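# Observations on the three-dimensional arrangement
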Amino acid sequence: MESKQFGVIGLGRFGSSVAKTLSELGYEVLAVDSSEERVEEIKDYVTHAVCADATDEHTLKAVGIRNCDEVVVAIGQEMQNSILITLMLKEMGIKKVWAKAQNDLHGKILSKVGADHVIYPEKEMGIKVANKMVANNILEFIELSEEYSILEISIPPRYLGKTIKEIDVRAKYGFTILAIKRGNQLLISPSSDEQFQTGDILVLIGRNENFKKLERDIG
Ligand code: ADP
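Residues numbered from 1 in each chain as written. Predicted model: local features only at pLDDT ≥ 70, side-chain atom pairs only at ≥ 80, totals over all residues.

## Some thoughts on the sheet that holds strand E5 (residues 96-100)
Spatial strand order, E3-E2-E1-E4-E5-E6: six strands in an open sheet with parallel pairing. Two strands close off the open sheet at either side, each with one partner strand: strand E3 (48-51) and strand E6 (117-119). Mean inter-strand twist for the sheet, computed between neighbouring axes without regard to direction, equals 15°. As judged from the five bridges shared by strand E1 (residues 5-9) and strand E2 (residues 28-33), these two strands associate in the parallel manner. For Phe 6, the partnering residue across the bridge sits in E2 and is Val 29. (Pairing = 2+ DSSP bridges. Helix = DSSP H or I, 4+ residues; strand = E, 2+ residues; numbered from the N terminus. Axes fitted to C-alpha atoms, helices over the stretch in contact; angles between N-to-C directions.)

And the structure:
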């Protein structure tokens, strides 16, 4: 069991999925919701499940939220609650607060009151799904910023047997190869003489605007 402890406030679809996954990964999880039913549903999956109104500062402290290294505020509908709770958690000194936003304005306010990470689950999943739909070869897509992304692609057949130098994705598409996944191996920062093999997965970083060109060529 890892020593890091996580808190999840709000056990809707998103919060309960975060809480269960953290638990499965072997972390201690304190899960809080004001709904008895939601707490009942999660209690067998997490270390502590507490029914409490998290907008009450004393209650939050009493349930031991300050022992958590990172807390996820997973309340979308009741925006004022999520904003207030995020603010209180930062004032209590929680190092990292992740907050789920319902829309852009909600997200902006969460950042202003101190959220370290603002999550837009539907928006982010929508971007991922759309990218997967248009590019069969793209296995993973992480948008780092509005400008840059990390992509994982399966090796296009015409690259097989060629070296990184020969295909020169940097000059052609403005992408840099961060790593090659080969079976159980991860070749970080591969040399330009590395030859591609069947089954290779390329991890690329580059500008979003160049991504379309790559997608057309390998799709
Ligand atoms: P999702 O869209 O992921 O299902 P919701 O916004 O519907 O998320 O769910 C939010 C959860 O947060 C609900 O289970 C609700 O009971 C809980 N919640 C809302 N306000 C508070 C609060 N003040 N304290 C604790 N839990 C809260």
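## As for the site of the ligand
Lining the immediate surroundings of the ligand are 21 residues, of which Gly 10, Gly 12, Phe 14, Ala 54 and Gly 76 lie closest. Those elements that place two or more of their residues in the shell around the ligand are helix H1 (13-24) and E2. (Near = placed C-beta within 6 Å.)

## Some words on the environment of Phe 14
In this fold, Phe 14 is placed in helix H1. Residue Phe 14 is classed as partly exposed on the basis of its 18 C-beta neighbours within 10 Å. When the C-alpha positions of Phe 14 and Ala 74 are compared, they lie 6.6 Å apart, and in sequence the two are 60 residues distant. Setting aside its immediate chain neighbours within four residues, Phe 14 contacts Ala 74, Lys 100 and Pro 121. (Buried ≥ 20, exposed ≤ 12 C-beta atoms within 10 Å, placed from the backbone. Contact = placed C-beta atoms within 7 Å.)

## Focus on the sheet that holds strand E10 (residues 185-188)
Taken together, five strands build an open sheet; the order of strands is E7-E8-E11-E9-E10 and the sheet is antiparallel. A single partner strand is all that each edge strand has here, and the edge strands are strand E7 (138-143) and E10. Across the sheet, the mean angle separating the axes of adjacent strands is 15° when strand polarity is ignored. As defined by bridge partners, strand E9 (residues 176-182) adjoins strand E11 (residues 201-207) across five bridges and the pair is classed as antiparallel. The residue bridging Ala 179 from the neighbouring strand is Val 203, located in E11.

## A word on the domain arrangement of the protein
Size of an interface, as often reported, equals the accessible area lost when the parts are brought together. Structurally, the protein comprises domain 1 (5-119) and domain 2 (124-218). A straight line from the C-alpha centre of domain 1 to that of domain 2 covers 35 Å. (Domains from an automatic or database assignment.)

## Topic: the pairing of E5
Here E5 lies mainly inside the structure; four of its five residues are buried. Note: strand E4 (residues 70-73) against E5, four bridges, orientation parallel. Note that in E5 the partner of Val 72 across the bridge is Trp 98. The parallel pair E4 and E5, bridged by helix H4 (residues 79-91), forms a crossover whose chirality is right-handed. Handedness of the β-α-β unit built from E5, helix H5 (residues 104-112) and E6 comes out right-handed. (Right-handed = clockwise from strand over helix to strand, strands pointing away.)

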